[in-house]
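Next come the chains, spelled out residue by residue.
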Amino acid sequence: MDDTDLPVLIYATFPSIDEAKNIGGALVDARLAACVNVFPGMVSIYEWEGARETAEEVAMIIKTRKGLTEQVMAEVKRLHPYDLPALLVLPTEGGSAEYCAWIVRETQGTNT
Amino acid sequence: MDDTDLPVLIYATFPSIDEAKNIGGALVDARLAACVNVFPGMVSIYEWEGARETAEEVAMIIKTRKGLTEQVMAEVKRLHPYDLPALLVLPTEGGSAEYCAWIVRETQGTNT
Amino acid sequence: MDDTDLPVLIYATFPSIDEAKNIGGALVDARLAACVNVFPGMVSIYEWEGARETAEEVAMIIKTRKGLTEQVMAEVKRLHPYDLPALLVLPTEGGSAEYCAWIVRETQGTNT
């Protein structure tokens, strides 16, 4: 398998389930992601401008190919309501051969 | 630590909490996984046969050793209701020494 | 980016949302983590002293820098109610440059 076809998981967070579904759906429609998994009911704790914040957020795992990482992150940033969205790239060591091939098929001919 | 004993996380998804619990429990009983963490209420968005699908699924993180990756994926595929189950392998850089040793102990003498 | 500044995700589990929030908040206050994401309602399946256990737990993703991994795990172990808390380190291949820089800024001058 070509290195750029290796699956990666991009981890991102959103303020609401609707915004997560909208942006996740846009990534799938644009064939930038084969699939997104959305996790509502997540609680984020972080410091913002000196004060500790606790906020209800929605996490998302974006399943795509290594070669599309930059395009996916650019599109999420374009669509995301935050000025500084969380975007981290998790490498994989592959997976089931059939599923990895499916991810490659579903992210061919990205229409962005 | 022997490379095959390094912990990995295998990420999988299931159509229901019961199926996830059954298959996750079977992996633990077979000592193919030290532990599985099941996340109900996940929402999947993907394209299937040309149409965008949004489905409620259950995510699972399977905690096992690198050396058992292929056996774990074969067993999940054998038991899973989908023709093409999602199975991706996430590498780790270890963790707490005690917890990594526990994973190795709990996955000795796999009985499949 | 200096290798020790590369983001990592540390995956941990807790018996309750309150304990997860307390310990996660302590990591953020100590600037050992830029952010923690807490996932209530997770179900764990594992074997303990020969019997299969199914327990409701809370998962946490701790966003920090590679160079702080050992300190973060030591602090979680110090505060955690379990004798053997789950602690696994997931490497990243970076993420959005701005977000990776934010993680570095938020974990400077750790006060432990």
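Residues numbered from 1 in each chain as written. Chains lettered and ligands numbered in written order. Predicted model: local features only at pLDDT ≥ 70, side-chain atom pairs only at ≥ 80, totals over all residues. Heavy atoms only, no water.

Where do I start with the packing of aromatic side chains in this structure?
Geometrically, a pair of aromatic rings is defined through the distance of the ring centres and the angle of the planes. As enumerated under the stated definition, the model contains nine aromatic pairs over all chains in all. Their ring planes at 85° and their centres at 6.3 Å tell us that A:Phe39 and C:Phe39 sit as a pair that is edge-to-face. Remark: C:Phe39 occurs in strand 2 (residues 35-48) and A:Phe39 occurs in strand 2 (residues 35-48); the pair is interchain, linking two chains. Taken individually, A:Phe39 and C:Phe39 each receive the classification buried, so the pair is uniform in this respect. Feature note: the residues A:Phe39, B:Phe39 and C:Phe39 constitute an aromatic cluster, connected by ring pairs. (Phe/Tyr/Trp six-rings, centres within 6.5 Å; stacked < 30°, edge-to-face > 60°. Helix = DSSP H or I, 4+ residues; strand = E, 2+ residues; numbered from the N terminus. Buried < 20%, exposed > 50% of the residue type's maximum accessible area, 1.4 Å probe, protein only.)

Explanation requested: the pairing of strand 4 (residues 87-91) of chain B in the structure shown.
Two faces, one strand: in a regular strand the side chains alternate between the faces of the sheet. Residues and elements named next belong to chain B. Strand 4 sits mainly inside the fold: five of its five residues count as buried. Every second residue of strand 4 is oriented toward a common face, with Leu87, Val89 and Pro91 on one face and Leu88 and Leu90 on the other, all of them buried. Note that strand 1 (residues 7-14) and strand 4 share five bridges and pair antiparallel. Bridge pairing in strand 4 links Ala12 to Leu87. (Pairing = 2+ DSSP bridges.)

What is the right way to read the packing of helix 1 (residues 17-29) of chain B against helix 2 (residues 69-79) of chain B from this model?
Helix-helix packing is characterised by the crossing angle of the two axes and by the distance between the axes. Residue and element names in this part refer to chain B. Contact pair helix 1 / helix 2: the axes reach a minimum separation of 10 Å and the direction vectors enclose 140°. Between helix 1 and helix 2, the crossing angle belongs to the class labelled oblique. Where helix 1 crosses over helix 2, the handedness of that crossing is right-handed. Residue-level inspection shows Ile23, Ala26 and Leu27 of helix 1 in contact with helix 2, the latter providing Val72, Glu75, Val76 and Leu79. Tallied by class, residues from the contact of helix 1 with helix 2 come to six nonpolar, no polar and one charged. (Axes fitted to C-alpha atoms, helices over the stretch in contact; angles between N-to-C directions. Parallel < 35°, antiparallel > 145°, perpendicular 65-115°, else oblique. Left-handed = near helix turned anticlockwise from the far one by under 90°. Contact = heavy atoms within 4.5 Å. Nonpolar A, V, L, I, M, F, W, Y, C, P; charged D, E, K, R; others polar.)

Help me understand the side chain of B:Asp5 in this model?
Residues and elements named next belong to chain B. On the secondary structure map, Asp5 appears in the segment before strand 1. Among the residues examined, Asp5 registers a relative accessible area of 17% and is labelled buried. A polar side-chain atom of Asp5 sits 3.0 Å from a polar atom in the side chain of Arg65. Setting aside residues no more than four positions away along its own chain, Asp5 makes contact with Arg65 and Val104. (Polar contact = N/O pair within 3.5 Å; in protein donor to acceptor, adjacent residues only side chain to side chain.)

What exactly am I supposed to notice about the pairing of strand 1 (residues 7-14) of chain A here?
Residues and elements named next belong to chain A. Within strand 1, eight of the eight residues are buried, which leaves it mostly tucked inside the rest of the structure. Residue alternation in strand 1 divides its side chains into two sets, Pro7, Leu9, Tyr11 and Thr13 and Val8, Ile10, Ala12 and Phe14, and both sets are buried. In terms of strand pairing, strand 1 meets strand 3 (residues 51-65) through eight bridges, oriented antiparallel. Looking at the pairing, Ala12 lines up with Met60 of strand 3.

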